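Secondary and tertiary structure notes
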Amino acid sequence: MASKDIPLDKEKKRKRTLKAEGIPNGSGDGKLVETKRIKPEPVLKQESDVSLFYAEEEEVDERDPEKDVEHFKAACSNIKHAILEIRELKENKASHTMDDIEKKRVEATLQFIALKKLNRLAHIRCKKVRDSTNEAKLRIDKYHLQLQNLLYEVMHLEKEITKCLEFKSKDEEIELVSLDQFYLKAPAEISKPEVTQHDQHQQTLARLDWELEQRKQLASRLKVSQESKAKVEEDIRMKQEYLENLQPKLNTILQATKPVQDYLGMPFDEIREQHQTAGYLPLPLFVLYKQSTAYREACDNLLTVTIDGDLDAAKLVDLSVPLLDEDSESDQEEQEKKASKRRRKTVDSKLSDKKHRLLKKHPLSVIIQVGCEDGSALHLTFSYLMYLHIVTVSIKVKQSSEMGNSSVSGGDLLSEDSLLDELYPGDHGDTTPNPTNQYQLARNGLKDFSHYIPQVGQPYRWAQWICGLQYLGEGAPQKPQEIISCGSLQGTIRKIRQRFRARSSLLQQLSALERHSVAVSGEYQSLFPVKLQSLVVSWQRSTFEDFVAAPHTRSIVEAGLAKDNDMFFIAVIERGTAKLTARIAVAPDYPNVAPVFSVLVQWQSERCSANDSHIKNLEEELNVHYDELVQEKSCDYLLTNQMQRLIMCFDVYLETGENSAKEGPSEFSREKVFSRTTRGRQRAKPYKYCAELGIFTHR
Amino acid sequence: MAKFLKSTKYAQEPDWPIAGVQNYRSNMKEARERGLAARKLLYTTVFSQCFSPCGKFLAAANNFGYIAVFSLEAALAPAATDISKNPIYTFKASEDGSINCLISTDTLIISASYGTISAWKWSDVLSRASKVLWTLTIPKRQPFFTPEVNSIYINSQEDMANHLFAGCGDNNIHVWDIETGQEVHCLQGHTDYVHAITKKSDNECASASEDGTVRIWDCRSAGEASLILQPFKHEACARPEFGKWVGCVGVDSGNDWLICGGGPRMSAWYLRSLTMSTTFDTPGACQQFIMFNEDTVISAGTEAFVNHWYMNGDCKSRVPCTPTSVFSVAINRESETNRVLCVAGSSATIDVCTNFGYKAFGLSFTIPD
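Residues numbered from 1 in each chain as written. Chains lettered and ligands numbered in written order. Predicted model: local features only at pLDDT ≥ 70, side-chain atom pairs only at ≥ 80, totals over all residues. Heavy atoms only, no water.

1. A look at the overall build of chain A
Put simply, the rule reads: Secondary structure elements follow DSSP: runs of H or I of four or more residues count as helices, runs of E of two or more count as strands, with numbering from the N terminus. Working definition: with a 1.4 Å probe on protein chains only, accessible area under 20% of the residue-type maximum means buried, over 50% means exposed, and in between means partly exposed. Any pair of residues with heavy atoms lying within 4.5 Å of one another is described as a contacting pair. Each accessible area is a Shrake-Rupley estimate made with a 1.4 Å probe; only the visible protein chains count as cover when residues are assessed.
Helix and strand counts for chain A stand at 23 helices and 11 strands. For chain A, the proportion of its 699 residues judged to be buried stands at 39%. Of the contacts made within chain A by residues no fewer than 6 positions apart, 67% connect residues no fewer than 24 positions apart. Per element, the accessible surface of chain A, about 40,900 Å² overall, is 54% carbon and sulfur.

2. A closer look at the confidence of the model for chain B
All names here are of chain B. The following threshold applies: Predictor confidence is given residue by residue as pLDDT, running from a minimum of 0 to a maximum of 100.
Looking at chain B, pLDDT values average 84 and 90% of them are 70 or higher. Here helix H1 (residues 2-6) stands out as the least confident element of chain B, with mean pLDDT 38; strand E26 (residues 341-345) is the most confident, with 93. For residues 1-28, every residue scores under 50 in pLDDT, and the model assigns this stretch 41 contacts once sequence neighbours within four places are set aside. Predicted complex metrics record ipTM = 0.86 and pTM = 0.67.

3. Considering the side chain of Arg607(A)
All names here are of chain A. For the record, the criterion: Residues scored as positive are Lys and Arg, those scored as negative are Asp and Glu, and His as well as the terminal groups of each chain are ignored. Salt bridges are defined as contacts in which a side-chain nitrogen from Lys or Arg sits within 4 Å of a carboxyl oxygen from Asp or Glu. By the criterion applied in these results, polar contacts are pairs of N or O atoms within 3.5 Å in which, for protein atoms, one can donate a hydrogen and the other can accept it, and in which residues neighboring in sequence qualify only through two side-chain atoms.
Tracing the sequence through the fold places Arg 607 in strand E9 (residues 605-608). The side chain of Arg 607 is buried and forms no salt bridge, while Asp 612, the nearest opposite charge, is found at 4.1 Å. For Arg 607, the side chain forms a polar contact with the side chain of Ser 605, separated by 3.4 Å. Sequence-distant contacts of Arg 607, defined by excluding residues within four places in its chain, comprise Val 599, Leu 600, Val 601, Asp 612, Ile 615 and Tyr 653.

4. Observations regarding the pattern of salt bridges
Taken as a whole, this structure holds 28 salt bridges over all chains when the rule is applied. Note that Glu211(A) and Arg215(A) form a salt bridge whose closest N and O atoms lie 3.1 Å from each other. Here Glu211(A) pairs with Arg215(A), and both are found in helix H9 (residues 200-264), just four residues apart, close to one helical turn. Looking at Glu211(A), the relative accessible area reads 11%, which means it is buried. You can call Arg215(A) partly exposed: its relative accessible area is 47%. A salt bridge links Arg215(B) to Asp211(B); its shortest N-O distance comes to 3.7 Å. Overall, the relative accessible area of 8% leaves Arg215(B) in the buried class. Look at Asp211(B) and you get buried, because its relative accessible area is 6%. One network of salt bridges, with partners in common, ties together Arg575(A), Asp651(A), Glu655(A) and Lys672(A).

5. Here's the deal with the sheet that holds strand E21 (residues 287-293) of chain B
Residue and element names in this part refer to chain B. Stated formally: We call two strands paired when DSSP finds no fewer than two bridges between them. Axes here mean lines fitted to C-alpha atoms, for a helix over just the part in contact, with angles spanning 0 to 180 degrees between N-to-C directions.
An order of E21-E22-E23-E24 is seen for the four strands of this open sheet, with the pairing classed as antiparallel. Every other strand in the sheet has two partners, leaving E21 and strand E24 (315-320) as the edge strands with one partner each. Pairs of neighbouring strands in the sheet enclose a mean axial angle of 20 degrees, with direction left out of account.

6. Looking at the environment of Asp256(B)
Residues and elements named next belong to chain B. Note on placement: Asp 256 falls in the loop between strand E17 (246-251) and strand E18 (257-262). Using a relative accessible area of 18% as the deciding quantity, one classes Asp 256 as buried. Between the alpha carbons of Asp 256 and Ser 273 there is a distance of 9.5 Å; along the sequence they are 17 residues apart. Beyond its immediate sequence surroundings of up to four residues, Asp 256 is in contact with Trp 269, Tyr 270, Leu 271 and Arg 272. Among the polar contacts listed, one links the side chain of Asp 256 to the side chain of Arg 272, at a separation of 2.6 Å.

7. Brief notes about the packing of aromatic side chains
All names here are of chain A. Keep this limit in mind: Pairing of aromatic side chains requires ring centres within 6.5 Å, counting the rings of Phe and Tyr and the six-membered ring of Trp. Pairs whose planes differ by under 30 degrees are stacked, by over 60 edge-to-face, and all others tilted.
Taken as a whole, this structure holds 15 aromatic pairs over all chains when the rule is applied. Here Phe 547 and Phe 568 contribute two aromatic rings whose centre-to-centre distance is 5.0 Å and whose plane-to-plane angle is 40 degrees, an arrangement assigned as tilted. Taken together, the residues Phe 547 in helix H20 (residues 544-549) and Phe 568 in strand E6 (residues 567-575) connect sequence positions 21 residues apart. One exposure class covers both Phe 547 and Phe 568, and it is buried. Ring pairing ties together the aromatic residues Phe 382, Tyr 460 and Trp 462, which thus form one cluster.

8. Some remarks on the sheet that holds strand E14 (residues 204-209) of chain B
All names here are of chain B. If you trace the four strands from one edge of the open sheet to the other, you get E13-E14-E15-E16, paired in antiparallel fashion. Each end of this open sheet is capped by a strand with a single partner; those strands are strand E13 (194-201) and strand E16 (227-229). Recorded for the sheet is a direction-independent mean angle of 20 degrees between the axes of neighbouring strands. Strand direction decides the pairing type here: E14 and strand E15 (residues 214-218), joined by five bridges, are antiparallel. Paired with Cys 205 across the strands is Trp 217, a residue of E15.

9. Regarding the nonpolar core
For clarity, the cut-off: Put simply, a nonpolar core is a bunch of buried Ala, Val, Leu, Ile, Met, Phe, Trp, Tyr and Cys residues held in one set by side-chain atoms that sit within 4.5 Å of each other.
Among the nonpolar cores identified, the biggest contains 101 residues, and Phe382(A), Trp462(A), Ile584(A), Leu639(A), Met643(A) and Leu646(A) are the most heavily contacted of them. The dominant element in this core, judged by the number of residues it contributes, is helix H23 (residues 638-655) of chain A, at 11 residues. In contact with Ile584(A), other than residues within four places in its own chain, are Trp539(A), Phe547(A), Met567(A), Phe568(A), Phe569(A), Ala571(A), Pro595(A), Val596(A), Phe597(A), Leu639(A) and Met643(A). Grouped together as the second largest cluster of nonpolar side chains are 32 residues, Leu561(A), Tyr43(B), Val46(B) and Ile367(B) included.

10. Section: the packing of H9(A) against helix H10 (residues 268-278) of chain A
In helix packing, the relevant descriptors are the interaxial angle and the interaxial distance, both defined with respect to the helix axes. All names here are of chain A. For the record, the criterion: Just so you know how the angles are binned, under 35 degrees is roughly parallel, over 145 roughly antiparallel, 65 to 115 roughly perpendicular, and the rest oblique.
Running from N to C, H9 and H10 cross one another at 120 degrees; their axes reach a closest spacing of 9 Å. Relative to H10, the element H9 lies oblique. Within the contact between the two elements, H9 uses Leu 254, Lys 258 and Gln 261 and H10 uses Phe 268, Asp 269 and Arg 272.

11. Quick look at helix H19 (residues 482-514) of chain A
What counts here: For a helix, the expected span equals 1.5 Å multiplied by the number of residues minus one. Note that the bend at a residue is defined as the angle between axes fitted to the seven residues ending at it and the seven residues starting at it.
The end-to-end C-alpha distance of H19(A), which contains 33 residues, comes to 46 Å, matching closely the 48 Å that a straight helix rising 1.5 Å per residue would cover. The largest bend in H19(A) is about 35 degrees, located at Leu489(A).

12. A closer look at the UniProt feature "repeat: WD" (unreviewed entry) in chain B
Formally: UniProt positions are given in the numbering used here, feature names are shortened, and annotations may be inferred rather than shown by experiment.
Summarizing the sequence annotation, UniProt attributes the feature "repeat: WD" (unreviewed entry) to residues 164-186 and 187-227 of chain B in the numbering used throughout. Helix makes up 0% of residues 164-186 of chain B and strand 65%, whereas the separation of the span's terminal C-alpha atoms amounts to 11 Å.

So, in structure tokens, the structure goes:
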């Protein structure tokens, strides 16, 4: 740069000198100088040879700038000197001075030419330097570009290198046999231990080769196995076909034996079928089936026992696995609870599904048909609730043709829920006999079991017994015990039949009573006199509420002799002006539990057991001494007989009543024969009829 | 089939669970019998009651032929529970039905039913082993008719044999010597059955009958009645709507007054003049029991009240009770500590009044199964 500066300084100097030169000449002079300076050159160029101009450029290279500076200084001082001399001469004002001045001026002007030359040289030099500088600059740029290219290339290569380094070979993913095993198992031509022991790469290659070899072997083995499998399958198929073809043939043989069986009266097939089906029954029902079949064969041929239901579904039911994984159920439930509302629908459906599952019956059921002599029959369908471990009963009544007469007041006598109510005292069949069930139901968010009875049937206790089930306290239901079933079956069947007969007969009696006739059957005629004056004028169904509401029934209700599951009736008996209203409670276990009568007599005044001891005695005749009205053989006509006795006692009551009419004869003439009309301190009336003598006596 | 055979093994398993079922079933049998027991309880009528000689026990007899013995001490104890109000011992005293009267002597408890009078030893009864000591039979005069005994009393005199008087359904009063068991007399004259008899004096007795008369007899001989009262004919007493029967009679200790009641109004008769002096009005109710107690008269009948009267005919008090028809009121005079008044009638509950003015509690005449 210093070399560059120098010419610049020179330039400046030269310009200054130029200016300084021009100042004395004024501005017009300066212009003139310029034009002079510029003009001579092209003239020079034009006039002289062009090479002369270039010669100056070459001259620049030859000349030493330092010397030029000295030349410049010398020229300048010469000019100065000349100017000074001229001034001196002018001041001296000598005549010759004019020449001297002229001479001096020429000299000085020559000096200016030299200066001009120097200036030109300086310019050329300056240009040259600039050119060389530019040249150097270009060269630098070029080098720089080259450098950058190289750096980029380096970077690219480095990237390539890392990529290469990161490359993973496929063989790394393959799990190879261990090295030891490889050398042990692989043949030498593959393992080539001498090479591979030291060369890791070769070793890996060898191991891969060995792997390939082994895989090839295994593939071929697979192929062989598949072939043999297909062959075996074909074999199986053929055998299956053969067996399937055998079945129809066997069936035809069985069919062919049917007529023979029928002819000989030995329905082996049916029995066997039933027995085979029985094998799929749940254990309690199996016990029932077995015991009831045995009972039927031994002593009761009016009983029929059949199995009903979907046998195929039963085959799928596996009773051995725990059917309900309750823990997971509850977990699931909790999860469901957490689930958002939009899932509620599915939760609901799941719950109902679960409910359905909990109350699920075994697909098979045992039907016991209890027949009666008159042709009517009771169908008892026993089902087993698999998850609740209880047996339920559904009842269907098949009435015989002669039982056609229906009764308004006793329409529900043969209904499903009342027919077998209290077969054993307290057994209403409305709660589950298995104490565990309440917890199971509660856990699954179900209501009390009684809500589901219409759906599943009634779980009477006796039904559990005859199926051999019993529940002692809490805990898992025990295994069905045949001995329990055995011990209760006969009694229960007898009770059912008895109940059914009693209800049928009660229905007939009610129907007769509705027609206001008290139809005493022949065997009981002797208990009553032939002629009775009082008449039944009304017979109606009533309710427990009505029974309780009547004031004269208070003592009976308090004594617990009328319960809300009884059937209630109101009978009205009249004779003349006297009217007797009897409220009757018939227990479900009729006739084992005798109907209870509560009597109100309206005759002159209202009389009932509370204010008239005779009425109390009358009630006692009906409510306590009813056993005289039934015979060992059948007690089915108890209600009719009680009604007849009520009518008879009412007659007695009226005929022996005090003649309260102050004048005239009593309203009711004595048509019966009494030994005494009153007896004892109670002045009791002779309500008891002595059939042999046809007279009324006291108890 | 295999399963069919296999399952027979259950038959050999131990039979202990059966016990549960059988227990349950026997409970059911009990339940049913309780049903009949409850019915009997509802229709129980207690006709008579008496206290033991020691005064600690009450015996009561009902229409089903049972005699129940209650411990008064236990029932009166401060710690008494419902159980202590049940009989300590109950036994069947009559096969034929109702026991109409019950009396107690120093050692015996005597009950009368239909046709028979039986005696038990108190000591046996209290040790819960009843054994009939002796039985008297009322002579039957008709077939198909067993006369009932409606009222008995024992006349014990120091110099004479103990006589038992019984007013019976055959219209007669039979007199037995209980030492020998022989019938001494038969007092005949009533035209209908005898409701009640009472001792008038050592030699006389009074009887009330269904025929409407009250007769006074000389017990020493079997003659006609010495006196006959007919309340139903007396204007002040007659109540035709209730009949003419006389159900109860009482004579005061001074032997001056006789009170009787029944269909006609209850009335007091002055014996010296044989005039009716006072009536005791009980509208709508017939008196079935009369007793003199100190200077008052206690009567009860076909309503759920016990009446206490002054001799002038004013009602001292009417005490409500459980039975709707009262047949017996008994005061325990044997023991001062157990001095109670017991009311029995057409209810299984025997009311006990410690203070005679109100009912304290009830004893329950339960019948064993």
